[in-house]
Amino acid sequence: MFEYLTKRWRTMPLIAIYAVWTILFYQLVFTGWTIEYSFYGVLAVIATTLVFLFAYPKRDRKLLIRLTLFILMVSFSLASFVSESMSWRIIDYVVLLILALFLGRWIVKLSVLRLLFIVIVISLMQVWVPLSDLGLLSAFSIRYIGHINSPDKQVPSIPVALVNDPTRHGAQEIVTLRGHVPLKGEAQELINMMANDPKQAQNAIAAVEELQHEYDVVTVSPGSLGFKEHSATPAELAQLPSYRLGLIDYPFTTPHFINIGSKVRMYVSLSQTPGQLLTTLLQPGSIANALSTLSLSTSHRVSANWANVTGRSSHAVDGLSIQNGVLVGQYHGSAVNVKTSGVAVLGVYPILPLSVTKTPQAVVEGNNLIQIISLTPGDNKVVATLRGTYLYPLTRDIVFADLLGNQQDELLVNTVPAQIFKLSADGQWQNLWVSGQPSFRFETVFHHTNGDVIVANAPADITTSPTRYLGGYRFKQGTLVPVFRAYHVDLVDLHTAYVTSAATPELLTSTYAHQKIMLLAPSKIPWLLITEVVYVVLVILGLLRRTQRRPIQ
Amino acid sequence: MKKRQLGLWALALVGATILSGCNLQSHPSVLKQAIIARKIDPQGVQQVLHAIAKMNALKTYEVKAQIQEVAGRFSRQVNFYGTVRLPNAVYVDETIGGNDYLVYQNNKFSYYRDNGHWYPMQPVTDLQPWQSMHTLLVNNPPQVVYSLPEQTVTSWLCNVYQFTTAAQPSVMGTFVQHGLKSGKIPQQALYTVWVDTTDGALRQIEVQSTVGVPQLGTASIDATQLYFGFDQTAALPVPQDLLSQVEKP
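Residues numbered from 1 in each chain as written. Chains lettered and ligands numbered in written order. Predicted model: local features only at pLDDT ≥ 70, side-chain atom pairs only at ≥ 80, totals over all residues. Heavy atoms only, no water.

**Some thoughts on the overall build of chain A**
Item 1. Within chain A, the regular secondary structure consists of eleven helices and 25 strands.
Item 2. In terms of overall dimensions, chain A has a C-alpha envelope of 90 × 65 × 50 Å along the principal axes.
Item 3. The buried share among the 553 residues of chain A stands at 54%.
Item 4. Across chain A, every contact between residues at least 6 apart in sequence was considered, and the portion connecting residues at least 24 apart equals 55%.
Item 5. Accessible surface, chain A: about 24,400 Å² in total, of which carbon and sulfur atoms supply 60%.
Item 6. In chain A, 41 positive and 34 negative side-chain charges are present, and the distance between their average locations comes to 15 Å. (Helix = DSSP H or I, 4+ residues; strand = E, 2+ residues; numbered from the N terminus. Buried < 20%, exposed > 50% of the residue type's maximum accessible area, 1.4 Å probe, protein only. Contact = heavy atoms within 4.5 Å. Areas by Shrake-Rupley, 256 points an atom, 1.4 Å probe, with all protein chains shown as cover. Lys, Arg positive; Asp, Glu negative; His and termini not counted. Charge placed at Lys NZ, Arg CZ, Asp CG, Glu CD.)

**So, the nonpolar core**
Item 1. B:Tyr61, B:Ile67, B:Phe80 and B:Leu202 are the most contacted members of the largest nonpolar core, which totals 64 residues.
Item 2. The element that contributes the greatest number of residues to this core is helix α3 (residues 44-55) of chain B, accounting for six residues.
Item 3. If you look at the next biggest cluster of nonpolar residues, it comprises 43 residues, including A:Leu53, A:Phe70, A:Ile118 and A:Leu134. (Core = buried A, V, L, I, M, F, W, Y, C linked by side-chain atoms within 4.5 Å.)

**So, the domain arrangement of chain A**
Item 1. When its domains are assigned, chain A resolves into domain 1 (2-139 + 531-547), domain 2 (161-310) and domain 3 (314-386).
Item 2. Between domain 1 of chain A and domain 2 of chain A, the C-alpha centre-to-centre distance is 45 Å. (Domains from an automatic or database assignment.)

**Concerning the pattern of salt bridges**
Residue and element names in this part refer to chain A.
Item 1. If you walk through the whole model with that rule in mind, you get 17 salt bridges over all chains.
Item 2. Lys-516 is the partner of Asp-133 in a salt bridge, and the nearest nitrogen-oxygen pair spans 2.9 Å. Of the two residues, Asp-133 is situated in the loop between α5 (112-128) and β1 (140-147) and Lys-516 in strand β25 (residues 516-522); the sequence distance between them amounts to 383 residues.
Item 3. The class for Lys-516 is buried, based on a relative accessible area of 9%. (Salt bridge = Lys/Arg side-chain N within 4 Å of Asp/Glu carboxyl O.)

**Details of the sheet that holds strand β11 (residues 342-349) of chain A**
All names here are of chain A.
Item 1. Read from one edge to the other, the open sheet built from four strands follows the order β11-β12-β13-β14, with strand pairing classed as antiparallel. Where the open sheet ends on each side, the last strands, each with one partner, are β11 and β14 (381-387). With strand direction ignored, the average angle separating the axes of adjacent strands in the sheet is 25 degrees. (Pairing = 2+ DSSP bridges. Axes fitted to C-alpha atoms, helices over the stretch in contact; angles between N-to-C directions.)

**Brief notes about the packing of aromatic side chains**
Item 1. Scanning the entire structure with this criterion turns up 30 aromatic pairs over all chains.
Item 2. Judged by centre distance (6.4 Å) and plane angle (65 degrees), the rings of A:Tyr26 and A:Phe30 are edge-to-face. Taken together, the residues span about one helical turn, with A:Tyr26 and A:Phe30 both in helix α2 (residues 12-55) at a distance of four residues.
Item 3. On the basis of relative accessible area, A:Tyr26 is assigned to the partly exposed category, the value being 30%.
Item 4. Judged by its relative accessible area of 14%, A:Phe30 is buried.
Item 5. Relative to B:Tyr227, the ring of B:Trp130 has its centre 6.0 Å away and its plane inclined at 90 degrees; by these criteria the two rings are edge-to-face. (Phe/Tyr/Trp six-rings, centres within 6.5 Å; stacked < 30°, edge-to-face > 60°.)

Next comes the structure, spelled out in structure tokens:
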């Protein structure tokens, strides 16, 4: 059958579909099984492969094996040089093409033109989705990939943030950093600026000194032809608190934002020299205090710098801020004034059950504690406090989610192990769930009326490895029930976003150590299911072939 | 034949159910394990002070450390690894973020290397880390010291002591005040100390604490230092590239 299909141009589209299916099946099904179920997954892969091969009669099997291996080999080869420079990619592609055609002629025994057709199909597939990101297709489609080209090793992942798009109501723009590529004559312009513009002189000096290590602060939003990028304006950046883009290696390095004309740039410097840091770190008896002081001073510097560059003067979140240990501000027209141990406002969320109050509460965080503050007019007070311990500290790494669909938010706290807390009507905290895997972490949620879907980075089911992969879960009867799994590692700083439309939630993420950001949308096409169904169809076709007495000529 | 087919279908169904993913159960017992395992040890402070006293006789040692701070949604760390020859020589490789630095010091000849170039720096002082622990324990003795089950660190079987006390030694009974009043400087930290069961030497110290940072919230700190290679280094020669750079006209 395969011989018949591969020898006619009219049936070559079927071979192209087979090539796409082979790569998808390998990446979505086989890779998923081996990652999630270790040796059991490998056994499943072997069994599935044997069923597939032996479904076909002997006369088809030889070509089937050779063609399948050829397709996989070409796809892996193409992926191996995708991160190289454009010139090297072209050279490597030509070399690969020659080798693939030679090997194809020798092993698969198809004509050069037909082999070329297959290689082009596989190449186009990798333009559509790079092989390294193909695992995401089981749950997402990739809307945007942005390569950052960081000039600094100190930046392990590029921060991403979201701001309201001034031109599209309800939609958002992505704010991120891009490694600055110095332009010809740029240094001269900056030197002229230093001499002629006293207001810009200080910024120009910094910009020249750090020209090789700077980042442009940019905004990415959908355009008529794909996504467009422009320099972020101070007005856009003023929507963000300083820590959204300013936590690069905090507190060991300090980011500096500078205005150059209408553009904003950033560079990073060490908060202390290696010698100073070594002196600090070699004193275990005082290290906690020394690092705390460093954290506070770095944060203070970044915050002042951010206010200077963006003009953001208020630290209010949802109209509330903390001043000298008091939560102050306005909530729905009522003045709020409550003494608190908090230092940061996390937001206003319905933490108490609706049966207690319909007014949501302010959530503030202090040193290793979270306080829930009632905003009911005339009854502002701390209603509950959740305290961390040194072994399980409560950092700001918290996701708020209505897991049960009862319009009450639970706290998804990324301690190690991760935990879920719910506040009961009497102000007591209930621990709903504790992860059995230390590396499991909550990232964000997709809101849903029947209960939010948790997006998490979770290790595989059967493994001792801490490596995490993207997963979606619903909280049901005290357990997290998987909704989807997408086998992609190194996704960090995940946010629920509304970038391409104000109605459909998307997932914005940065990648650790890979200097790229991605915007993902829940996939409308069930690629995983389609791939599995095609497998079954192909097996049935093979079994039918067994019933045929003679091959089709 | 029918039975066999039914069996195959049942097997396929079970396989498909397993492969579609398992629910993640709650494991509340994980949180209690560390607490249940520890016992109050009235002699704990003395044991730690005894281990510190043993370290005072050292002439050289090696140190490996990791300092991690979690703030916002990020965890960042500094690592260092190297040799100290008391009283004032240092050869340490330091990693801050993804960047490597080399620190070399011999008395007041003190340099660090960044991206292949050496820069002069203020000499690193107080090269006996255990002294800061000694001062802390003398000035701010913990009220309770716990003993944890024995643990093997690298290849050394150790007694483990854990206590909470001040985040830095008090000076004349008071803490140094910081100008950053809006933040919440920690008053206390959790210390875990590993003492070698064979020779009573100090092997490892872990310090855990938190700080409340305005606007940002809690930042947690976890610093671990391992001491080894006692009195095994004869000399710390000056790196050749530092010599070349200094000697260049």
